[in-house]
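Structural overview for review
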Amino acid sequence: GGLAGLQGQGLGIAAGEGKLVDLTLAGAKPEIVTGTIERLLADDGNDAAIFVVGSSAQFNPELAVEPLLRFAKSAKPFAVALTTTEEKPLALLT
C-alpha cells in the first residue's frame, strides 16, 4: 500500500515513503497519470489527492489536463491546481 506500492504497479514511476509523487512531463502519459491517481485514491491511507500541473498545462493541455477530468466525481476529494493562467487548460477543467 501507500506511495511506495506504486513502484510495483507497472507504471514505471518511483515513489518513496513521503507524501508526494512527482510525474514529470516525460512520465505524464495519460495512462500513467490516471493509473497513479486511481491507486492513490483507492489507497485507504489517503483521504484525498491533489494534482498540480506545471508548464505542461500551458503547452500540452490535452496531455496534462484532460486525463484528470475523469476524477471530478471521485468518492474521495480530488483537486487540480494549474500553474498557468492560459485559457485553454483552465477551460478544460470547467
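The structure we're discussing is the one just above.
Numbers given to residues run from 1 along each chain, matching the order in which its sequence is written. Residues qualify for local features only when their pLDDT is at least 70, as the model is predicted, and side-chain atom pairs are given and counted only at 80 or more; totals for whole chains, interfaces and linings, by contrast, use all residues. The side-chain numbers reported here are obtained from all heavy atoms of the structure, hydrogens and water having been left aside.

**Looking at the overall build of the protein**
Under the scheme used here, helices are H or I runs from DSSP no shorter than 4 residues and strands are E runs no shorter than 2 residues, and both carry numbers assigned from the N terminus. When you go through the protein residue by residue, the secondary structure sums to 4 helices and 2 strands. Counting from the amino terminus, the protein carries its helices and strands in the arrangement α-β-α-α-β-α. Here's how the labels work: a residue is buried when its accessible area is under 20% of the maximum for its type, exposed when over 50%, partly exposed in between, all with a 1.4 Å probe on protein chains only. Of all 94 residues assigned to the protein, the portion counted as buried reaches 34%. Contact definition: two residues touch when any of their heavy atoms are within 4.5 Å. Counting only contacts in the protein whose residues sit at least 6 apart along the sequence, the fraction spanning at least 24 positions is 60%. Carbon together with sulfur atoms contributes 54% to the accessible area of the protein, which is approximately 5800 Å² in total. Computed by Shrake-Rupley with a 1.4 Å probe, the accessible areas treat only the displayed protein chains as cover when residues are assessed.

**Some points on the pairing of strand 1 (residues 49-53)**
On strand 1, burial follows the alternation: A49, F51 and V53 on one face are buried, whereas I50 and V52 on the facing-out side are not. For strand 1 and strand 2 (residues 78-82), the ladder comprises 5 bridges, and the chain directions are parallel. Residue pairing across strands places V52 opposite A81, the latter belonging to strand 2. DSSP-based pairing: two strands are paired if at least 2 bridges between them are found.

**Considerations on the packing of aromatic side chains**
Two aromatic rings, drawn from Phe, Tyr or Trp (for Trp, its six-membered ring), form a pair once their centres lie within 6.5 Å of each other, and the interplanar angle then sorts them: stacked below 30 degrees, edge-to-face above 60, tilted otherwise. Applying the stated criterion across every chain yields a total of 1 aromatic pair. Plain terms: the ring middles of F71 and F78 are 5.5 Å apart, the flat faces sit at 55 degrees to each other, and that makes the pair tilted. Of the two residues, F71 and F78, both sit in the buried class.

**Brief notes about the nonpolar core**
By nonpolar core we mean a set of buried residues, namely Ala, Val, Leu, Ile, Met, Phe, Trp, Tyr and Cys, connected to one another through side-chain atoms within 4.5 Å. The biggest cluster of nonpolar side chains holds 15 residues, and the ones touching the most others in it are V33, I37, F51, V53, L68 and F78. If you list the elements that add at least two residues to this core, you get helix 1 (30-42), strand 1 and strand 2. Ranked by residue count, the leading element in this core is helix 1, at 4 residues. Sequence-distant contacts of I37, that is, excluding residues within four places in its chain, are made with F51, L68, F71 and F78.

**Things to note about helix 1**
Here the expected length of a helix is defined as 1.5 Å per residue gap, with one fewer gap than residues. With 13 residues, helix 1 should cover 18 Å at 1.5 Å per step; its first-to-last C-alpha distance of 18 Å lies within 8% of that length. What helix 1 keeps buried is the set I32, V33, T34, G35, T36, I37, L40 and L41.

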